[in-house]
Amino acid sequence: MSTPHISAEPGDFAPAVLMPGDPRRAERMAAQLMPDARKVTDVRGIGGYTGTYQGKPLSIMASGMGQPSLSIYATELYRFFGVERIIRVGTCGGLSPDVEPGDVVVAIGAHTDSSLNDALCPGIHFSATASWNLLKAAVDAAGDDASVKVAPVVSRDRFYDNPPEQVQRLAELGTLGVEMEAAALYGLAAQLHKEALAVLTVSDHLLDPSKDMSAEDRETKFQTALSLAVAAALS
Ligand code: HPA
């Protein structure tokens, strides 16, 4: 069976999918976590990998960048391939003094400037929220690691040109990070009665661009987020 963007058979995906943005990161994650990983789809260079991690079935597939791209892959996985939970594991920009590059934000909710979730319940400003079981599993796995924060993020449609007054206000409202996918994932999970979580490494800071992490640091710090995402996926 194929969907427009996934060429795979029913049963090719595990019920739990880790979803980075970058297809090359998906490939590296699959090689790192699952010695028995096999590629189950490769439409448009978005590889999907399925194998086992500590004996449990797991899939990894990238979302591409932005809410429309993530929505396409997440919808097809949830609707047609038996996927029950998707854990986005990616990066965000820090937008509050309460967070630093290298921290990990487990996104309890996601504000957005996108209109995607407006269709869910016309007349209501939908709250895009994480699934409790996944959130709890990730937070439990973090233990007392003070670099892991549980907070809302904002999912913007634009990467560039964040209005400074918006950044400041969102920070005052307790928002820690800015990224481009979580709100759509949470909206889809609610719509389709599935589960979702986003675990985000802070890769740079909007208030202080000099704090940007090196590529090497990004990879190391990403491992913390990955371990929380895996704990949630297999909980
Ligand atoms: N916006 C701004 N900075 C970022 C983002 C983003 O979406 N992701 C990582 N750093």
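Quick notes on the rules
- Residues numbered from 1 in each chain as written.
- Predicted model: local features only at pLDDT ≥ 70, side-chain atom pairs only at ≥ 80, totals over all residues.
- Heavy atoms only, no water.
- Near = heavy atom within 4 Å.
- Polar contact = N/O pair within 3.5 Å; in protein donor to acceptor, adjacent residues only side chain to side chain.
- Areas by Shrake-Rupley, 256 points an atom, 1.4 Å probe, with all protein chains shown as cover.
- Helix = DSSP H or I, 4+ residues; strand = E, 2+ residues; numbered from the N terminus.
- Buried < 20%, exposed > 50% of the residue type's maximum accessible area, 1.4 Å probe, protein only.
- Arc of directions from axis to C-beta.
- Contact = heavy atoms within 4.5 Å.
- Pairing = 2+ DSSP bridges.
- Lys, Arg positive; Asp, Glu negative; His and termini not counted.
- Salt bridge = Lys/Arg side-chain N within 4 Å of Asp/Glu carboxyl O.
- Core = buried A, V, L, I, M, F, W, Y, C linked by side-chain atoms within 4.5 Å.
- Axes fitted to C-alpha atoms, helices over the stretch in contact; angles between N-to-C directions.
- Parallel < 35°, antiparallel > 145°, perpendicular 65-115°, else oblique.
- Left-handed = near helix turned anticlockwise from the far one by under 90°.
- Patch = residues over 30% accessible without salt bridge, like charges linked within 9 Å, V, L, I, M, F, W, Y side chains within 5 Å.
- Phe/Tyr/Trp six-rings, centres within 6.5 Å; stacked < 30°, edge-to-face > 60°.
- Lys NZ or Arg CZ within 6 Å of the ring centre and 35° of its normal.

Asks: What exactly am I supposed to notice about the site of the ligand here?
Replies: The full set of residues close to the ligand is T91, C92, G93, F159, V178, E179, M180, S203, D204 and L206. Within the backbone of G93, one N or O atom sits 3.2 Å away from a nitrogen atom of the ligand. Between the ligand and D204 there is a distance of 2.8 Å, counted from a nitrogen atom to a side-chain nitrogen or oxygen. Here the ligand has 260 Å² of accessible area as a free molecule, and 91% of this is covered by the chains. Where the shell around the ligand is concerned, the elements lending two or more residues are β7 (85-94), β10 (177-179) and β11 (195-205). Ranked by the residues each element gives to the shell around the ligand, the list is headed by β7, at three residues.

Asks: Where do I start with helix α4 (residues 164-172) in this structure?
Replies: In an α-helix, one turn spans 3.6 residues; hence positions three or four apart end up facing the same way. All buried positions along α4 are accounted for by V167, L170 and A171. Along the axis of α4, the buried positions cluster into a sector of 100°, meaning they face one direction only. Contacts from the buried residues of α4 go to β8 (104-112) and β9 (148-155). Within two residues after α4, G174 carries a phi angle of roughly 90°, on the positive side.

Asks: Teacher, can you tell me more about the pairing of β9 here?
Replies: Within a regular strand, the side chains alternate between the two sheet faces. Sheet analysis places β8 next to β9, joined by seven bridges and oriented parallel. The residue bridging V105 from the neighbouring strand is K149, located in β9.

Asks: Help me understand the side chain of D103 in this model?
Replies: If you trace the backbone, D103 turns up in the loop between β7 and β8. Although D103 is buried, it forms no salt bridge, and the closest oppositely charged side chain is K149 at an N-O distance of 4.0 Å. A distance of 2.9 Å separates a polar atom in the side chain of D103 from the backbone nitrogen of E100. Among all residues touching D103, those that are not within four sequence positions of it are D98, S147, K149, L200, T201 and V202.

Asks: Teacher, can you tell me more about unusual backbone geometry here?
Replies: The bulk of non-glycine residues show a negative phi, and the bulk of peptide bonds are trans. We note that Q54 has phi near 50°; this positive angle belongs to a residue other than glycine. Of note, the phi angle at D161 is positive, near 60°, even though the residue is not glycine. Locating D161 in the fold gives a position in the loop between β9 and α4.

Asks: In this structure, what is going on with the nonpolar core? I would like to understand it.
Replies: Ranked by internal contacts, the top residues of the largest apolar core, which has 70 residues, are F13, L18, L77, Y78, Y186 and L197. Core analysis: the second largest hydrophobic core is formed by six residues, V154, V167, A171 and V178 among them.

Asks: Mind showing me how you'd approach the packing of helix α1 (residues 23-33) against helix α6 (residues 215-233) here?
Replies: Two quantities define a packed helix pair, namely the angle between the helix axes and the distance between the axes. Where α1 contacts α6, the axes come no closer than 13 Å and their chain directions differ by 70°. Here α1 lies roughly perpendicular to α6, going by the angle between them. Viewed along their axes, α1 and α6 form a crossing whose handedness is right-handed. Contacts between α1 and α6 involve R25, R28, M29, Q32 and L33 from the former and E219, F222, Q223, L226 and V230 from the latter.

Asks: Sorry, what's going on with a nonpolar patch on the surface here?
Replies: On the surface, a nonpolar cluster with roughly 200 Å² of combined accessible area is contributed by I108, V139 and V150. As for its position among the elements, V139 is in helix α3 (residues 132-142).

Asks: Where do I start with the packing of aromatic side chains in this structure?
Replies: Counted under the stated rule, the structure contains two aromatic pairs. Ring geometry for F13 and F81: centres 5.4 Å apart, planes at 65°, overall edge-to-face. Residue F13 is found in the loop between β2 (6-7) and β3 (16-19), and its partner F81 is found in the loop between α2 (67-80) and β7; the two are separated by 68 residues along the sequence. A relative accessible area of 6% places F13 in the buried class. In this structure F81 comes out as buried when scored by relative accessible area, which is 4%. Ring geometry for F159 versus Y160: centroids 4.8 Å apart, planes at 80°, classification edge-to-face. On the basis of relative accessibility, which here comes to 61%, the residue Y160 falls in the exposed class. Against the face of F222 rests R25, its NZ or CZ located 3.8 Å from the ring centre.

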